[in-house]
Amino acid sequence: MQTRHGSATGPLIEVSGVRKSYAGRAVVDGVSFAVDEGEIFGILGPNGAGKTTTVECVEGLRRPDEGRVRVAGLDPARDRAQLTRILGAQLQESEIQPKLTVREALELYSAFYPRPLDWRPLAERLRLTETLGTRFAKLSGGQKQRLFIALALLGDPRVVVLDELTTGLDPRARRDTWELIEDVRAGGVTVLLVTHFMEEAQRLCDRVAVIDRGRVAALDTPAGLISRTAGSTVVSFTPSAPVDEHALAVLPALASVEQRDGRVTLHGTDETVDALLTLLARHHITAHQLRVSDSTLDDAFLDLTGARQP
Ligand SMILES: Nc1ncnc2c1ncn2[C@@H]1O[C@H](COP(=O)(O)OP(=O)(O)OP(=O)(O)O)[C@@H](O)[C@H]1O
């Protein structure tokens, strides 16, 4: 297959056995993954897991102590000048002069690239046209994020790296930003996305690497991560009469069972639910407020890392 940039596909980003220590403590401890062109690839993990350090190695901002990173065949630590032509990174708020207007920021950053996109249609697409005369400091959170995306795309990159893009946004602005990222990918850009939000990863990412304590705890599609969690179906109900614990404990494919305040919650599979209903019928027990749902990426994450999300 040919990409819009005309090169043959293989992974666009390769991270292999990367290690990075600070003061003798390994914060990235042998991370490997590969991102194909056109993917939205998520890096998900608890605070301090090493996500930012990992993507900074991809951006060429940090040099790994060990391991290999390649972006379109370039070594980010060595070939930074060439890398900036194909990789757009999200700036941090502190990197933009608060007094610059949106127009000035777009013009200034365009000058950094050899072949920048025309910023006007980009501003239009990112709904920034109304704000062109507004100073950066006066923008809303959502407008700032849209400007960050515009600046990351100005150089017509093959890949953009977005780190905690929607942190601090309200739900509406977050959803708008997700649509923009989907648009960006539809335009052929590969997206490497660091996120804390399960919903964001589930909605946007083709594949997700869950990073925990500097290592890749799992790498799969969001659906794949969910299906490998112990008990991908959750069923809860209030029984009309006590249910024998031992009978519940031997239900097929049962991952866990909990009885609290008269309510029973089971994690299992569809097979568990079928057997449960048969069991209840046999004992003439009615299941009040019966709820059956699929596990979420949240459950998968907890299973994989044992960490609570903030
Ligand atoms: N320059 C540095 N010097 C020393 N320690 C650092 C440095 N940069 C990061 N760390 C530490 O490395 C660990 C991993 O940091 P990193 O920012 O990569 O994690 P993260 O997964 O992105 O976390 P968060 O979600 O909290 O941003 C943290 O404990 C952090 O304090």
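A brief report on the enclosed structure follows. Along each chain, residues carry numbers from 1 onward, in the same order as the chain's sequence is written. The predicted nature of this model means local features are confined to residues of pLDDT at least 70 and side-chain atom pairs, given and counted, to a pLDDT of 80 or more, with totals for whole chains, interfaces and linings taken over all residues.

## Some points on the overall build of the protein
Strands here are runs of E lasting at least two residues and helices are runs of H or I lasting at least four, both read from the DSSP assignment and numbered beginning at the N terminus. Across its full length, the protein carries eleven helices and 13 strands. With respect to the principal axes defined by its C-alpha atoms, the protein has extents near 75 × 45 × 45 Å. We call a residue exposed when 12 or fewer other C-beta atoms sit within 10 Å of its C-beta, buried when the count reaches 20 or more, and partly exposed for counts in between; the C-beta positions come from the backbone. In the protein, which comprises 310 residues, the share counted as buried stands at 35%.

## What about the packing of helix α5 (residues 141-153) against helix α6 (residues 171-186)?
What counts as an axis is a line fitted to C-alpha atoms, over the stretch in contact for a helix, and the angles between N-to-C directions run from 0 to 180 degrees. α6 packs onto α5 with a crossing angle of 15° between their chain directions and a minimal axis gap of 10 Å. Relative to α6, the element α5 lies roughly parallel. Where α5 crosses over α6, the handedness of that crossing is right-handed. Residue-level inspection shows G141, G142, Q145, R146, I149 and L153 of α5 in contact with α6, the latter providing A173, D176, T177, L180 and V184. Residue type decides the class: Asp, Glu, Lys and Arg count as charged, Ala, Val, Leu, Ile, Met, Phe, Trp, Tyr, Cys and Pro as nonpolar, and the leftover types, Gly among them, as polar. For the contact of α5 with α6, a count of residues per class yields five nonpolar, four polar and two charged. Every angle not falling under 35 degrees, over 145, or within 65 to 115 is termed oblique; those three ranges are roughly parallel, roughly antiparallel and roughly perpendicular. Two helices cross in a left-handed way if the nearer one is turned anticlockwise from the farther one by less than a right angle. They cross in a right-handed way if the turn is clockwise. We call two residues in contact if the C-beta atoms placed from their backbones are at most 7 Å apart.

## Thoughts on the sheet that holds strand β2 (residues 25-36)
In this analysis, strands are considered paired if DSSP registers two or more bridges between them. A sheet is described by the order of its strands in space; here three strands give the open sequence β2-β1-β4, paired in antiparallel fashion. Where the open sheet ends on each side, the last strands, each with one partner, are β2 and β4 (66-71). Mean inter-strand twist for the sheet, computed between neighbouring axes without regard to direction, equals 15°. The pairing of strand β1 (residues 11-22) with β4 spans five bridges and is classified as antiparallel.

## Observations regarding the environment of G88
Mapping G88 onto the fold places it in strand β5 (residues 87-89). Owing to 26 C-beta atoms within 10 Å, G88 belongs among the buried residues under this scheme. Spatially, the C-alpha atoms of G88 and A152 are 4.5 Å apart, while their sequence positions differ by 64 residues. What G88 contacts, discounting residues up to four positions off in sequence, is A152, L153, G155, P157 and V160.

## Thoughts on the site of the ligand
Residues are counted as near a molecule or strand when the C-beta atom, derived from backbone positions, lies within 6 Å of that molecule or strand. Close contacts around the ligand come from Y22, V27, G45, N47, G48, A49, G50, K51, T52 and T53, and that covers them all. Of the residues forming the shell around the ligand, the biggest block, three residues, is contributed by helix α1 (residues 51-59). Among the residues making up the shell around the ligand, the classes are represented as three nonpolar, six polar and one charged.

## Notes on the packing of helix α3 (residues 102-110) against α5
One can describe the packing of α3 onto α5 by two numbers: an axis separation of 10 Å at closest approach and a directional angle of 20°. As judged from the angle between their axes, α3 and α5 are roughly parallel. When you trace α3 past α5, the crossing you get is right-handed. Where α3 approaches α5, its residues V102, A105, L106 and Y109 are matched on the opposing element by L147, A150 and L151.

## As for the nonpolar core
The biggest cluster of nonpolar side chains holds 64 residues, and the ones touching the most others in it are A150 and L192. At seven residues, α5 tops the list of elements feeding residues into this core. Not counting residues within four places of it along the chain, the set of residues in contact with L192 comprises I13, V35, F41, V55, V58, V159 and V161. In plain words, the nonpolar core is the set of buried Ala, Val, Leu, Ile, Met, Phe, Trp, Tyr and Cys residues that C-beta atoms within 7 Å link up. Listed in part, the seven residues of the second largest apolar core include V235, F237, V264 and L266.

## Looking at the sheet that holds strand β12 (residues 263-268)
The four strands are arranged β11-β12-β10-β13 in an open sheet whose pairing can be described as antiparallel. Edge positions in the sheet fall to β11 (256-260) and β13 (287-294), since each of these pairs with one other strand and no more. Put simply, the sheet's adjacent strands are angled 10° from each other on average, direction ignored. Its contacts with the sheet place helix α10 (residues 270-282) against β10 (233-239), β12 and β13, and it is angled at close to 20° to β10.

By themselves, these observations are geometric and do not establish any function.
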